[in-house]
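Fold and contact review
The primary structure of each chain is shown beneath.
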Amino acid sequence: MMKTKTTFQSVISFGEYALKTGDVCKIYLGPMPIYIVTDPEDVSTVLNKCLEKMFVYKFIQPMLGKMLVAAEVPVWKRTRRILDLSFKQHILDDYLELFNDQSSRFVDSLTEDVGKGEVDITEKIIKSVLETSCRTTLGVRLDGKDLVNDNYIVAVNECLEVLTTRIYRPWLMFDFIFNMSVYKKKLDKALETIFSLSEQMVRLRKSEHLKRLKKKGDGNVEGRRIQSVLDVVLENTMTETDSLYTDVELRNIADNMLLAAYDTTIYEMLFVIICIGSYPDVQEKVYQEIIQVLGEDGQLSKENLSQLVYLEAVIKEAIRLYPIGPIVARDTTSDTKLRNVMIPKGSSIMVHVWSVNRNTKYWGLDAEEFKPERWLSPDTVPNHPAAYASFSPGRRGCIGKMYALMYLKAAMIPLLRKYKLTADHKKVELEVTVMLKPVSGHFVKIEKRQ
Ligand code: HEM
């Protein structure tokens, strides 16, 4: 097992305790009781019936607004219906070329790290994933603009840290105390940086959308192009004279999409790399599969996507053991009957994703082990769909699951074809700042494959 940091350990211990008792358990956040759920049957009930997010999500509203991740149910339903249009398979298929291209460029960027011993590749992953996410979610090319060094990433991390601080220091949950604290100043400064990017991007997409509408009105037929999430939203909500959303709402949607796409993919990519580097036999099997399906230089396409069965198993297994959202949380708006207990209206429930994914009743006694082979037969994966909770298996679950799996496959192909990776998952420390992240990305050795 990877080494862990203190906050992480305390978060994980609730789930471990619930797993031991075999049922729902109750903890207290200050004076507030919170129910912890780890059985897939209960997970399914909670994530499909309790759609209202737990009250702590409101602390992210200054950054993400009230449109999607931290929205109340009626607004979320409307936004989600529109966003679902952006994740249709044909739109995702159009991203493949971009994913392949970005992945090759990522591999090229590693040249200077080859044969240098243990290196930290996090920053290079961040750059590559962020560039891709800006293109696919906002339709914007960064064209050399370096968001990593432009403090954008730092600003996002500061917002997430302030959110975590408010959860761990219950007195800061009260707005009147928080507003007087240094955290409020820190948050406001970070928000300025974040909004300046998304406002600029929304302005650009809107003006291009209006130009396209005008051209269409003039009878000019447009050629095929990659459609970003924001493009699809604009297409379905904005005419030359009318718009369903205000600029601030569009900015909120852009901020939700960008954060949900890049901050998850970056770290899951790092976890996949660490897992592959820690198990040489697994790495060799993935390499052989890539060569068998794609040869020495073939690229991922919608035709061969489903043939990389072992690579997909490796990615899913890494995401099972290291779910970027180790907890998702809901509030009940009516009494909610779980298998053995009635949760009263007005309660908070945490689905302990980390522990659901390690529930030995469903995953077997080797649940803690990294074993991609388990995904290769229906007999060795749980038959309950909510036993794999990394993407939040319910109505407010991840809209980008297929996107993420495609991207991670595309990223691993040129990387493993060119290089041999060595890592040690036991050396990696984890932390939870809302999301589960490695404290550092060191410990990856890159060598040229002979
Ligand atoms: C391996 C990578 C990913 C993992 C493990 C993951 C996991 C999750 C989880 C657990 C949630 C639920 C959060 C909650 O209930 O609080 C979620 C929501 C969401 N994810 Fe992902 N995600 C990943 C990648 C992506 C990508 C690449 C995109 C977009 C391109 C994306 C877009 C979203 C959106 C928009 C939501 C909010 C959905 C809603 O509120 O209806 N995710 N994701």
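Basis of the calculations
- Residues numbered from 1 in each chain as written.
- Predicted model: local features only at pLDDT ≥ 70, side-chain atom pairs only at ≥ 80, totals over all residues.
- Heavy atoms only, no water.
- Pairing = 2+ DSSP bridges.
- Helix = DSSP H or I, 4+ residues; strand = E, 2+ residues; numbered from the N terminus.
- Contact = heavy atoms within 4.5 Å.
- Axes fitted to C-alpha atoms, helices over the stretch in contact; angles between N-to-C directions.
- Donors = N, O, S within 2.8 Å, 3.2 Å for Na, K, Ca; no water.
- Buried < 20%, exposed > 50% of the residue type's maximum accessible area, 1.4 Å probe, protein only.
- Salt bridge = Lys/Arg side-chain N within 4 Å of Asp/Glu carboxyl O.
- Core = buried A, V, L, I, M, F, W, Y, C linked by side-chain atoms within 4.5 Å.
- Phe/Tyr/Trp six-rings, centres within 6.5 Å; stacked < 30°, edge-to-face > 60°.
- Patch = residues over 30% accessible without salt bridge, like charges linked within 9 Å, V, L, I, M, F, W, Y side chains within 5 Å.
- Areas by Shrake-Rupley, 256 points an atom, 1.4 Å probe, with all protein chains shown as cover.
- Expected span 1.5 Å × (residues − 1).
- Near = heavy atom within 4 Å.
- Polar contact = N/O pair within 3.5 Å; in protein donor to acceptor, adjacent residues only side chain to side chain.
- Nonpolar A, V, L, I, M, F, W, Y, C, P; charged D, E, K, R; others polar.
- Parallel < 35°, antiparallel > 145°, perpendicular 65-115°, else oblique.

So, the sheet that holds strand β12 (residues 444–448)
What the three strands build is an open sheet, ordered β4-β12-β9; its pairing is antiparallel. The open sheet is flanked by β4 (118–119) and β9 (419–422), the only strands paired with a single partner. One ladder, built from four bridges, connects β9 with β12; its direction is antiparallel. Bridge pairing links Thr422 to Lys445 in β12. Most of the contacts of helix α16 (residues 401–418) go to β9, to which it runs at about 95 degrees, and overall it touches β9 and β12.

Section: the coordination of the iron atom of the ligand
Among protein atoms, the single one acting as a donor to the iron atom of the ligand is Cys398 (SG), 2.3 Å away. Inspection of the secondary structure assignment puts Cys398 in the loop between α15 (360–363) and α16.

Looking at unusual backbone geometry
Despite not being glycine, Ser392 shows a phi value in the positive range, around 60 degrees. For Ser392, the position within the fold is in the loop between α15 and α16. The class of Ser392 is buried, set by a relative accessible area of 11%.

Concerning the pattern of salt bridges
Scanning the entire structure with this criterion turns up 30 salt bridges. Notably, a salt bridge pairs Asp84 with Arg80, separated by 3.3 Å at the nearest N-O pair. Of this pair, Asp84 and Arg80 both sit in helix α4 (residues 73–84), four residues apart, which is roughly one turn of that helix. Overall, Asp84 belongs to the partly exposed group, its relative accessible area being 33%. Note that Glu368 and Arg358 form a salt bridge whose closest N and O atoms lie 3.3 Å from each other. Residue Glu368 is located in the loop between α15 and α16, and its partner Arg358 is located in the loop between α14 (353–356) and α15; the two are separated by ten residues in the primary sequence. Residues joined by salt bridges that share partners form a network here, namely Glu317, Arg320, Asp366, Glu369, Lys371 and Arg374.

Considering the side chain of Ser355
Here Ser355 is to be found in helix α14. Look at Ser355 and you get buried, because its relative accessible area is 1%. Sequence-distant contacts of Ser355, that is, excluding residues within four places in its chain, are made with Gly15, Glu16, Leu19 and Thr38.

Some words on the pairing of strand β8 (residues 348–351)
Burial along β8 is two-sided: the residues Ser348 and Met350 and Ile349 and Val351 are all buried. Relative to β8, strand β3 (residues 32–37) is paired through four bridges, and the arrangement is parallel. When the bridges of β8 are listed, Tyr35 appears paired with Ile349.

Some points on the nonpolar core
Grouped together as the largest cluster of nonpolar side chains are 154 residues, with contacts concentrated most on Tyr262, Met269 and Met412. With 17 residues, helix α11 (residues 247–278) is the single largest residue contributor to this core. Ignoring sequence-local partners within four residues, the contact set of Met269 consists of Phe106, Ile125, Val129, Tyr407, Leu408, Ala411 and Met412.

Details of the sheet that holds strand β2 (residues 25–29)
Hydrogen bonds between backbone atoms are what pair the strands of a sheet, whose relative direction is either parallel or antiparallel. One open sheet holds the four strands; their spatial order is β2-β3-β8-β5, and the pairing between them is mixed. The sheet terminates laterally at β2 and β5 (328–331), the two strands that pair on one side only. The sheet shows a mean angle of 30 degrees between the axes of neighbouring strands, direction not considered. Relative to β3, β2 runs antiparallel, the two sharing five bridges. Residue Cys25 lies in a different strand from β3, and its bridge partner there is Ile36. Helix α2 (residues 40–49) contacts β3, β5 and β8 of the sheet and is inclined by roughly 125 degrees relative to β8.

Brief notes about the packing of aromatic side chains
Counted by the stated rule, this structure contains 13 aromatic pairs. Seen from their ring centres, Phe99 and Tyr407 are 5.0 Å apart, and the 90 degrees between their planes marks the pair as edge-to-face. Of this pair, Phe99 sits in helix α5 (residues 89–109) while Tyr407 is found in helix α16, placing the two residues 308 residues apart along the sequence. Classification of Tyr407 as buried rests on a relative accessible area of 2%.

Re a nonpolar patch on the surface
Together, Trp171, Phe174, Phe176 and Met180 make up an exposed nonpolar region whose accessible area comes to about 540 Å². Residue position: Phe174 is located in the loop between α7 (152–168) and α8 (175–178).

A few points about α11
Helix length check: α11, at 32 residues, gives a terminal C-alpha distance of 46 Å against a target of 46 Å (1.5 Å per residue), a fit within 8%. Burial within α11 is extensive, with 27 of its 32 residues counted as buried.

Digging into the site of the ligand
Around the ligand, a shell composed of 27 residues is seen, among which Tyr57, Trp76, Arg80, Thr264 and Cys398 lie nearest. In this structure, Trp76 approaches the ligand through a side-chain N or O atom, which is 2.7 Å from an oxygen atom. Arg330 places a polar side-chain atom, nitrogen or oxygen, 3.3 Å from an oxygen atom of the ligand. Of all elements in the fold, only α4, α11, β5 and α16 reach the threshold of two or more residues within the shell around the ligand. Counting residues per element, the shell around the ligand draws most heavily on α11, which supplies six residues. Per-class residue counts for the shell around the ligand are 16 nonpolar, six polar and five charged.

Points about the packing of α11 against helix α13 (residues 309–321)
In the contact formed by α11 and α13, the axes pass within 9 Å of each other and the chain directions differ by 110 degrees. When the interaxial angle is binned, α11 and α13 end up roughly perpendicular. Two secondary-structure elements touch here, α11 through Glu268, Phe271, Val272, Cys275 and Ile276 and α13 through Val314, Ile315, Ala318 and Ile319. Among the residues forming the contact of α11 with α13, the class breakdown is eight nonpolar, no polar and one charged.

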